[in-house]
Amino acid sequence: MGKLRKLAVVTSGGDAPGMNAAIRALARLAAWNGLEVVGFERGWEGVIENKFMRLDSRAVSGILHLGGTILRTSRCEKFKTREGLEKAAETLAVNDIGGLIVIGGDGSIRGANELSKYTDASIMALPASIDNDVYGTDETIGFDTAVNTALTEINKIRDTAVSHERTFIIEVMGRRRGFLALEVGLTAGAEIILVPEVKFDQEKLYEILRKNAAKGKRSSIIVAAEGIGETRKLAEDIQKNVDTEVRLSVLGYVQRGGSPTARSRMLATLFAEKAIDLLLDGVEGKVIVLQRGEITSITLEEACSKEKPLNVNLLELAEKLAI
Ligand code: F6P
């Protein structure tokens, strides 16, 4: 590949707070290094349809504190086809784009890995998702913000739960995985945390709630990952089997929005710095990751071929803390 002159950025899949911080850092660091940058609009759709905006330093002013993504995003079915990938590769070639930085979750990283087989452009991925389910990184951009958003809501729910002496099931996002539920549950002091990775016995759950009542706990918070499914049915079952009034609160899309926390902004900024450094060094096909406090990278292929493990020890810790 010739000398790197032009970069492109795309945000794809579910948005995550901190995506704008990443876009800003990428645009400014690229400009600092004399590189031109464009941003494809509406995720992979924009790459396929060759729709982009220029991202010079002024274009990314005033976005650091904003949730969402100024580039907008989508879940693009066409990108999963050979035709879509070929069109996307063609867009990169006609615009002379030497490096593409993809900001998104595990689906977007899979897409980036596929596209890398069709293009000569070097592809870098910055993991951004409230689900924190990308293999190889301890944290994704936006996760910390979503945890804090959920906590703020649960603090309020705790007030009413205590006043009414009720049991609350609070459903949080996370798609098929329980990373968000686990961290939210632990830091909210939930009595019970339910994640898809660990089968739970409903009878045992009733028993815990009964024991809690006997110990003098008059209200309980159950944090459930959306991936366990059927939380409404669970609420009804508990109501029937335990002497407690049960309410369900689905937190939903509030978890995806809002101003990114300092931690999400920091991660976005440091991931962006690493991506630009690697591109300038001529490195190709990497996912930027955080591992034990260090910003490093793994290959796109590795990120796509492995499943991130959930730290089930934290579930045990939460159980001990809920006595
Ligand atoms: O991946 C982020 C996420 O918010 C998941 O937690 C959730 O299951 C999903 O996206 C919702 O997807 P959509 O935005 O397509 O409704």
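Small disclaimer: the values here were computed from a predicted structure and weren't measured. (Residues numbered from 1 in each chain as written. Predicted model: local features only at pLDDT ≥ 70, side-chain atom pairs only at ≥ 80, totals over all residues. Heavy atoms only, no water.)

Caption draft 1: The arrangement of the domain arrangement of the protein in detail. Each assigned domain of the protein is listed here: domain 1 (6–142 + 260–305) and domain 2 (143–256). Each of domain 1 and domain 2 has a C-alpha centre, and the two are 34 Å apart. On the side of domain 2, 13 residues touch domain 1, which itself brings 18 residues to the contact. For the pairing of domain 1 and domain 2, the buried interface totals around 1300 Å² over both sides, and the portion due to carbon and sulfur atoms is 50%. Our count for the contact surface shared by domain 1 and domain 2 stands at one salt bridge. With a closest N to O distance of 2.7 Å, D15 and R256 form a salt bridge. Taken together, the connections running from domain 1 to domain 2 amount to nine residue pairs in polar contact (both at pLDDT 80 or more). Each residue belonging to the side of domain 1 that touches domain 2 can be placed in one class, and the counts come to five nonpolar, seven polar and six charged. (Domains from an automatic or database assignment. Contact = heavy atoms within 4.5 Å. Buried area = accessible area lost by both parts, 1.4 Å probe. Salt bridge = Lys/Arg side-chain N within 4 Å of Asp/Glu carboxyl O. Polar contact = N/O pair within 3.5 Å; in protein donor to acceptor, adjacent residues only side chain to side chain. Nonpolar A, V, L, I, M, F, W, Y, C, P; charged D, E, K, R; others polar.)

Caption draft 2: Main features of the sheet that holds strand β2 (residues 36–40). Read from one edge to the other, the open sheet built from seven strands follows the order β3-β2-β1-β4-β5-β10-β11, with strand pairing classed as mixed. At either margin of the open sheet sits one strand with a lone partner, and together these are β3 (52–54) and β11 (294–299). In this sheet, adjacent strand axes meet at a mean angle of 30° when their direction is disregarded. Bridge count between strand β1 (residues 6–11) and strand β4 (residues 99–104): five bridges; the pairing is parallel. (Pairing = 2+ DSSP bridges. Helix = DSSP H or I, 4+ residues; strand = E, 2+ residues; numbered from the N terminus. Axes fitted to C-alpha atoms, helices over the stretch in contact; angles between N-to-C directions.)

Caption draft 3: Representation of the pattern of salt bridges within the structure. Scanning all chains against the criterion turns up 21 salt bridges. Note that E307 and R177 form a salt bridge whose closest N and O atoms lie 4.0 Å from each other. In this pair, E307 is assigned in the loop between α10 (300–305) and α11 (313–321) and R177 in the loop between β6 (166–172) and α6 (179–188), connecting sequence segments 130 residues apart. With its nearest N and O atoms 3.3 Å apart, the salt bridge here joins E191 to K217. With E191 in the loop between α6 and β7 (192–194) and K217 in the loop between α7 (202–214) and β8 (220–225), this pair connects stretches of sequence that are 26 residues apart. Accessibility expressed as a relative area gives 12% for E191, which makes it buried. (Buried < 20%, exposed > 50% of the residue type's maximum accessible area, 1.4 Å probe, protein only.)

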